[in-house]
Amino acid sequence: MTTVAFIGLGNMGNPMAANLVKAGHAVHGFDLMPEHLETARSNGVTVMANAIAAAKDADVVITMLPAGKHVLSVYEDIAPKVKKGALLIDSSTIDVDSARKAHAIAAAHGLLSVDAPVSGGTGGAAAGTLTFMAGGAQAAFEKAEPVLQPMAGRIVHCGDAGAGQAAKICNNMILGISMIGVAEAFVLAEKLGLSHQALFDVASTSSGQCWSLTSYCPVPGPVPNSPANRDYQPGFAAALMLKDLKLSQEAAQQAGAVTPLGAEATQLYALYSALGHGGTDFSGIIKFLRGQPA
Ligand code: NAD
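Residues numbered from 1 in each chain as written. Predicted model: local features only at pLDDT ≥ 70, side-chain atom pairs only at ≥ 80, totals over all residues. Heavy atoms only, no water.

Student: Any chance you could break down the pattern of salt bridges for me, citing the residues and the numbers?
Tutor: Per the counting criterion, the structure on display carries six salt bridges. The salt bridge involving D59 is made with K83; its shortest N-O contact spans 2.9 Å. Of the two residues, D59 is situated in the loop between helix 3 (51-55) and strand 4 (60-63) and K83 in the loop between helix 4 (68-78) and strand 5 (87-90); the sequence distance between them amounts to 24 residues. A residue is classified by how much of its surface remains accessible, and D59, at 26% relative accessible area, is partly exposed. (Salt bridge = Lys/Arg side-chain N within 4 Å of Asp/Glu carboxyl O. Helix = DSSP H or I, 4+ residues; strand = E, 2+ residues; numbered from the N terminus. Buried < 20%, exposed > 50% of the residue type's maximum accessible area, 1.4 Å probe, protein only.)

Student: Before we move on, could you go through helix 9 (residues 196-203) and cite the residues and values that matter?
Tutor: Among all positions in helix 9, only L199, F200 and A203 are buried. The buried residues of helix 9 occupy an angular sector of 100 degrees when the element is viewed end-on, so they sit on one face. Buried residues in helix 9 make contact with helix 8 (163-191) and helix 10 (211-214). (Arc of directions from axis to C-beta. Contact = heavy atoms within 4.5 Å.)

Student: Can you tell me about the site of the ligand, naming the residues and giving the values?
Tutor: The environment of the ligand is formed by 23 residues, the closest being M12, D31, H36, L65 and K243. A distance of 2.7 Å separates an oxygen atom of the ligand from a polar side-chain atom of D31. Interatomic distance of 3.3 Å between a backbone N/O atom of P66 and an oxygen atom of the ligand. Computed on the free molecule, the ligand has an accessible area of 830 Å², of which 87% lies beneath the protein chains in the complex. Elements represented by at least two residues in the shell around the ligand include exactly helix 4, helix 6 (121-127) and helix 11 (238-255). Per-class residue counts for the shell around the ligand are 11 nonpolar, nine polar and three charged. (Near = heavy atom within 4 Å. Polar contact = N/O pair within 3.5 Å; in protein donor to acceptor, adjacent residues only side chain to side chain. Areas by Shrake-Rupley, 256 points an atom, 1.4 Å probe, with all protein chains shown as cover. Nonpolar A, V, L, I, M, F, W, Y, C, P; charged D, E, K, R; others polar.)

Student: Outline unusual backbone geometry, supporting the account with residue identities and numerical values.
Tutor: A cis geometry characterises the amide bond from P234 onward to G235, with omega recorded as 5 degrees. Note on placement: G235 falls in the loop between helix 10 and helix 11. Positive phi, close to 50 degrees, is recorded for D231, a residue that is not glycine. By secondary structure assignment, the location of D231 is in the loop between helix 10 and helix 11. Even without being a glycine, Y232 presents a positive backbone phi close to 65 degrees. Its place among the elements puts Y232 in the loop between helix 10 and helix 11.

Student: So what's going on with the side chain of S212? Residues and values would help.
Tutor: By the secondary structure assignment, S212 is in helix 10. Residue classification places S212 among the buried positions, given a relative accessible area of 0%. Within the structure, S212 has its side chain in polar contact with the side chain of S178 (distance 2.9 Å). At a separation of 3.4 Å, a polar atom in the side chain of S212 contacts the main-chain amide nitrogen of M179. Every residue in contact with S212, bar those within four places of it in the chain, is listed here: L175, S178, M179, V182, C217 and P218.

Next comes the structure, spelled out in structure tokens:
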């Protein structure tokens, strides 16, 4: 049995921590929101008074927080206090620069660390089928892998510090761009009098095939469990897509990569969110492309 500290028990963190409890680990949890602590307690997590109290006796500390500034602030607090030999895993989606700073804080205290953002959403978190994209030294990854296992469908070691975050934002930039591409094709098909099903039947077995079309179709009908069939209830909220696209553009700027479609996708999701649709599924962008008010 490993003692795992879990800091950040929100929509993702709570179901992930619950899977660690089910796997037989002792989980010491902390979140700033009392209602999230209540849920954690009911899932078998031992609730602690603050992040340091949660982390100090842990073999592994997992953070699942909103953004880089939260992760760095928690790392500054806990790194001097954790046990010698403890491993720090950050599964939040944050900018590559902050991820590398978090690794540097850990290293300065002689600790191994892994950035391990996830894809799979709240459904994957509950089912224990998340994909983890890990960055960090081989020794850190080998230590992290068995702890991540009960929460994971797949775990990929992407490279050194920050490589997990890099993989995550590259993947989600593809997703944002491809969803807009698929949605535009359906809007054009509507104008041309082509049925949704006809376009789906052709494109899903032709060169236009992609995940946004075949697993997450932005119109109701062809893929019965896609959010389009439930009035675009998320799923993956447009605000989170916008967050990840912004991270991709920050990284592109810093690295000198040219990503014009990533930039355009960021603008479109920013407009869609500014119109009040940040809480709806990101595939709802099709309504915006049609010029529909809601
Ligand atoms: P959330 O807002 O539901 O949870 C974040 C939690 O962190 C909140 O409960 C908040 O109270 C807590 N928190 C903030 N600062 C803290 C601190 N200093 N100490 C302790 N707790 C603190 O967000 P979420 O949906 O669980 O997402 C968490 C991370 O996972 C984000 O980086 C997000 O981008 C990423 N992610 C989310 C999804 C998704 O579908 N929700 C999918 C993949 C990745």
